[in-house]
Amino acid sequence: MTSENIQSFDPDIWAGMECSYNRVGDIFIDQLSQSQHYERLDDIEHFARLGIKALHYPLLWERYQPQLASPIQWDWAASQLNKLRSLSILPIVGLLHHGSGPSFTHLLDDGFAEGLSAFAKQVANEFPWLTHYKPINEPLTTARFAGLYGLWHPHAKNDVVFAKILLNQLKGIVLSMQEIRKINPDAKLIQTEDLAKTYSTPSLQYQADFENQRRWLTYDFLMGNFDRNHPLWSYFFDLGIPERMLLFFSDNPCPPDLLGVNHYVTSERYLDDNLSLYPSHLHGGNGKEAYSDIEAVRINHGQPSGLKILLKELHQRYPIDIALTEVHLHCTREEQLRWLKHVWDICIALNQEKVNVKALTVWSLLGAYGWDKLLTQPNGEYESGIFDLRSPAPRQTALAHYVKALSTGTPFYHPLLQQKGWWQKESRFIHPPLARSIDGPVEVSSPPLLLLVDNGSLSRAFEVSCHQRGIQYQVLTHQLRNHGVGSSLEEAVLHYKPWAIVNATDYTKRMNNEQKVGNSMMHQVKEMRQLIAICEKYNIKPLTLSSVLVFDGTKNSPYLESDDVKPQSFFGKNMVEIEEMAVGGHCQALIIRSGFCFSPWESLDLGKGSSSYLENHYSFFDSERTIISPTYTPDLVNMALDLLIDNESGIWHLSNRGEMKCSDFVREINRRKGAVIQQKTLLPPKRVTPLPYRPLYYALGSEKGNFLPVIDDALDRYFAEASFK
């Protein structure tokens, strides 16, 4: 592929599913099983609606040939590949993705390469029309994780094993492409590898230089450029690697037709021998010297860095067309959007400079599992991607709308894209810079999020979350709004021109005493009516929060969004009225119902014979009988913001997964703190005016998805973050 093939400066949009099938001990971890891709029949149709030109599709050796002698069942693969073909989407077929092969082989097996090539031959025979292959994804990365770091099978931590694993995989690529091209001589090799770079303190420059030579090994070997004059020849020779193994590649060159670049914000590393600057879990070394290996983006090292610099280095070394084959960031929704824009802008700029970036691959279509633990444990933490799998069917996120716009060449605008990503802000540095530096685009003024706040923990949570996430916002206090309901809000809208308005008023603070709640809630209803009118007038999206108290508490299973509301209190009736106004408006309002909330800014202590938590929130309940869904406010707020950015609307239930009695919740809090709880402690304080009706079941479920972590996880973070510490 040459520069003549490029018809425009815009790269094509490709896509891929996170499909690692790695081995830890005797356990095989299959991402596509975890994402339930094999159980859904319409994933390809979902992907096609994005307008993508190509899809990295895995036909993984471990899955299709788990036993050496067993016949391969191609039905599923054929149905998926034929769908892609009918939709004019190019399949790019992968055979190993951080894998070590089926159980009858392994990465150190002398027959590994021949075994993979035999499987590749079967794939090509079954699907002779396939034209694009990536037999092994990131062989160098897999060799490091399995041979140097001990994370994946065979869990080694030495250079000899690393070298053998790398060479076995590269030989497997060469032999596989030879077999494939016997069937389809025009088959193309797209070779993916992590594009990384290492920086260091002066005393560790030798180690950085070595790692920066090592990063090119995949391409050097495949292109036949590894010979006795290569800078790392002596490294392999001194490890006892036979010369015939090294010269195999110069005798059998297999240059990629396209360089597949995988680059993450943490791909670049910094080596620092000043161990006192870092916690002990970051301490390591090379066997000669001890040092810390840190994400370079966290260090103000002052050297030219970043994806654009690295792509130029790649192009200078190998003048072959490039495709970015994994573009993904595990972060909040707005940062995911910013990362995609950041990479897209780099591609456009490089194409204008004749560094040919042919395609950008949006990765993790279905999200990913367990990368927070580097795929060392099954069923790890889920991170959403273009689609969010926490809903009954894959739910499009804001990324999907952005991808669709890029695919079709249509404009995409969101005010959050005008702000820097976290990797461009000076706040990212572990050690603050001595002098101010310009390290990215200048922050520009953009429409903010308008927060309607009071002095409650919900308002505080929205302010803290927006600050942490880099979402520009403005607050309008409850007191200010009371001086002229509607007029002050409209003035704020005209002045700030917000892209959305969040009603962060904490209604639950007013719900305990029915004799006092009336006037307050009537005012809130009036204010909500004005908010909806203003949002309709100025085409602004509102987000407001509601309560489980819109239900009557008589159900014996979690309340869902479609359940009929039957409020039994004045508070609940007013919340229903607020919901109806929001849903009935023409501004695509987002309404979040939550369980009973707790936050890191309020104590869940027991004190002086009563629970401050029960007393402040729902002390009128019979705590020994009432079932609730405790909800950690930071989880609630962060997911609500994600749904707002995703442009969702209507009523959604958000609560941490799990249910318990009010009393058991307080007991669990105090059990963790080592407190002893007396039965009388959990009785409703007599000074609180009781409700005429006491509900018994107030747990929340959702038909739209389970988005928040389990309650035990939320409690772990509460104790880590709570202000009483």
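See above for the structure.
Residues numbered from 1 in each chain as written. Predicted model: local features only at pLDDT ≥ 70, side-chain atom pairs only at ≥ 80, totals over all residues. Heavy atoms only, no water.

Caption draft 1: The arrangement of the pairing of strand β7 (residues 188-194) in detail. β7 sits mainly inside the fold: six of its seven residues count as buried. In this structure, strand β6 (residues 132-137) lies alongside β7, joined through two bridges in parallel fashion. Directly across from Y133, in β7, lies its bridge partner L189. One ladder, built from five bridges, connects β7 with strand β9 (residues 258-262); its direction is parallel. Looking across to β9, one finds that E193 is bridged to V261. (Buried < 20%, exposed > 50% of the residue type's maximum accessible area, 1.4 Å probe, protein only. Helix = DSSP H or I, 4+ residues; strand = E, 2+ residues; numbered from the N terminus. Pairing = 2+ DSSP bridges.)

Caption draft 2: Representation of the side chain of S702. With respect to the helices and strands, S702 occurs in the loop between β31 (697-698) and α23 (711-721). Separated by 2.9 Å, the side chain of S702 and the backbone nitrogen of K704 make a polar contact. Contacts of S702, omitting those with residues within four sequence positions, involve L560, E561 and H653. (Polar contact = N/O pair within 3.5 Å; in protein donor to acceptor, adjacent residues only side chain to side chain. Contact = heavy atoms within 4.5 Å.)

Caption draft 3: Region of interest: the packing of helix α5 (residues 112-126) against helix α7 (residues 159-183). Between α5 and α7, the shortest axis-to-axis distance is 8 Å and the interhelical angle comes to 30 degrees. Classified by the interaxial angle, the pair formed by α5 and α7 is roughly parallel. In this structure, α5 crosses over α7, and the sense of that crossing is right-handed. Here F112, A113, E114, L116, S117, A120, K121, A124 and N125 of α5 come into contact with α7, specifically with N168, Q169, K171, G172, L175, S176, E179, I180 and I183. Of the residues assigned to the contact of α5 with α7, the class counts are eight nonpolar, six polar and four charged. (Axes fitted to C-alpha atoms, helices over the stretch in contact; angles between N-to-C directions. Parallel < 35°, antiparallel > 145°, perpendicular 65-115°, else oblique. Left-handed = near helix turned anticlockwise from the far one by under 90°. Nonpolar A, V, L, I, M, F, W, Y, C, P; charged D, E, K, R; others polar.)

Caption draft 4: A look at empty space enclosed by the protein. Considering all chains together, one arrives at six cavities of 30 Å³ or more under this definition. Lining the second largest cavity are V327, H328, L329, Q336, W339, L340, V362, W363, I386 and L399. A total of three residues in the lining of the second largest cavity trace back to one element, the largest contributor, which is helix α13 (residues 333-352). Across the lining of the second largest cavity, the residue classes break down as eight nonpolar, two polar and no charged. (1 Å grid on protein atoms, 1.4 Å probe; cavity = no way out; pocket = protein on both sides within 12 Å on 5 of 7 lines; lining within 4 Å. Points joined across faces, edges and corners; volume = space filled by probe spheres on them.)

Caption draft 5: Representation of the pattern of salt bridges within the structure. As enumerated under the stated definition, the model contains 36 salt bridges in all. Notably, a salt bridge pairs R395 with D646, separated by 3.0 Å at the nearest N-O pair. Here the residue R395 occupies a position in strand β18 (residues 395-396), and D646 occupies one in the loop between α21 (633-645) and β29 (650-654), the gap between them amounting to 251 residues. The exposure classification of R395 matches that of D646, with both residues buried. (Salt bridge = Lys/Arg side-chain N within 4 Å of Asp/Glu carboxyl O.)

Caption draft 6: Spatial organisation of the side chain of T544. Among the secondary structure elements, T544 is positioned in strand β22 (residues 541-547). For T544, a relative accessible area of 2% puts it in the buried group. Non-local contacts of T544, meaning those with residues more than four positions away in its chain, are made with N503, M528, L590, I591 and I592.

Caption draft 7: Representation of helix α12 (residues 307-317). Inspection of α12 places L307, L310, L311, L314 and H315 among the buried residues, and these make up the whole buried set. Around the axis of α12, the buried residues are gathered within 135 degrees of arc, so they sit on the same side. Buried residues along α12 sit against β8 (197-200), α9 (217-222), β9, β10 (268-272), β13 (322-327) and α13. (Arc of directions from axis to C-beta.)

Caption draft 8: View of the packing of helix α6 (residues 139-148) against α7. Relative to each other, α6 and α7 sit at 150 degrees, their axes nearing to 8 Å. Here α6 is positioned roughly antiparallel relative to α7, judged by the angle of their axes. The crossing of α6 and α7 is right-handed. In this structure, α6 contributes P139, L140, T142, A143, R144, A146, G147 and L148 to the contact, and α7 contributes D159, V161, F162, I165, L166, Q169, L170 and I173.

Caption draft 9: Focus on the nonpolar core. In terms of nonpolar packing, the biggest core is built from 159 residues, with L55, F236, L311, L449, F462 and I592 touching the most fellow members. Considering each element in turn, this core owes the most residues, twelve residues, to α7. Once you skip the residues sitting within four places of it in the chain, F462 turns out to touch L451, V502, A504, L543, L545, V637 and L641. Counting 38 residues, the second largest nonpolar core, distinct from the first, contains L476, Y559, I651 and Y697. (Core = buried A, V, L, I, M, F, W, Y, C linked by side-chain atoms within 4.5 Å.)

Caption draft 10: A look at the sheet that holds strand β11 (residues 283-285). Strand order across the open sheet formed by four strands is β8-β10-β12-β11, with mixed pairing between neighbours. Among the strands making up the open sheet, the edge pair consists of β8 and β11. The sheet shows a mean angle of 40 degrees between the axes of neighbouring strands, direction not considered. In this structure, β8 lies alongside β10, joined through four bridges in parallel fashion. For K197, the partnering residue across the bridge sits in β10 and is E268. The sheet contacts of helix α8 (residues 205-214) involve β8, β10 and β12 (290-295), and relative to β8 the element is tilted by about 175 degrees.

Caption draft 11: Highlighting the sheet that holds strand β27 (residues 627-628). Taking strand neighbours across the sheet as the criterion, the three strands line up as β30-β27-β31 in an open arrangement whose pairing is mixed. The strands lining the two open edges of the sheet, one partner per strand, are β30 (660-661) and β31. In this sheet, β30 lies alongside β27 in antiparallel orientation, the contact comprising two bridges. Looking at β30, one finds that I628 is bridged to M660.

Caption draft 12: Representation of α6. Across the ten residues of α6, ten count as buried, placing the element largely inside the fold. Of the positions making up α6, those classed as buried are P139, L140, T141, T142, A143, R144, F145, A146, G147 and L148. Lining the buried residues of α6 we find β6, α7, β7, α8 and α9. Downstream of α6 by one or two residues, G150 has phi in the positive range, about 75 degrees.

Caption draft 13: View of the packing of aromatic side chains. Per the counting criterion, the structure on display carries 35 aromatic pairs. Relative to F665, the ring of F598 lies with its centre 5.3 Å away and its plane at 55 degrees, an arrangement referred to as tilted. With F598 in strand β24 (residues 597-598) and F665 in helix α22 (residues 662-673), this residue pair connects regions lying 67 residues apart in the sequence. Put simply, the rings of F210, F221, F226, W233, Y235, F236, F248 and F249 touch in pairs and so form one group of aromatic residues. (Phe/Tyr/Trp six-rings, centres within 6.5 Å; stacked < 30°, edge-to-face > 60°.)

Caption draft 14: Region of interest: the pairing of β9. Judged by how many residues are buried, β9 sits mostly within the fold: five of five residues are covered. Burial of β9 is two-sided: the residues L258, G260 and N262 facing one way and the residues L259 and V261 facing the other way are all buried. Here β9 runs beside β13; their pairing, made up of four bridges, is parallel. Bridged to N262 within β13 is E326.

Caption draft 15: Focus on unusual backbone geometry. A cis amide bond links H153 with the next residue in sequence, P154, at an omega value of 15 degrees. Summarising the element assignment, P154 is placed in the loop between α6 and α7. Even without a glycine there, the phi angle at N647 is positive, about 65 degrees. Structurally, N647 is set in the loop between α21 and β29.

Caption draft 16: Highlighting the environment of R593. Note on placement: R593 falls in strand β23 (residues 590-594). A C-alpha to C-alpha distance of 9.0 Å links R593 and V550, two positions 43 residues apart in sequence. Within the local environment of R593, its side chain forms a polar contact with the side chain of E579, the two groups lying 2.7 Å apart.

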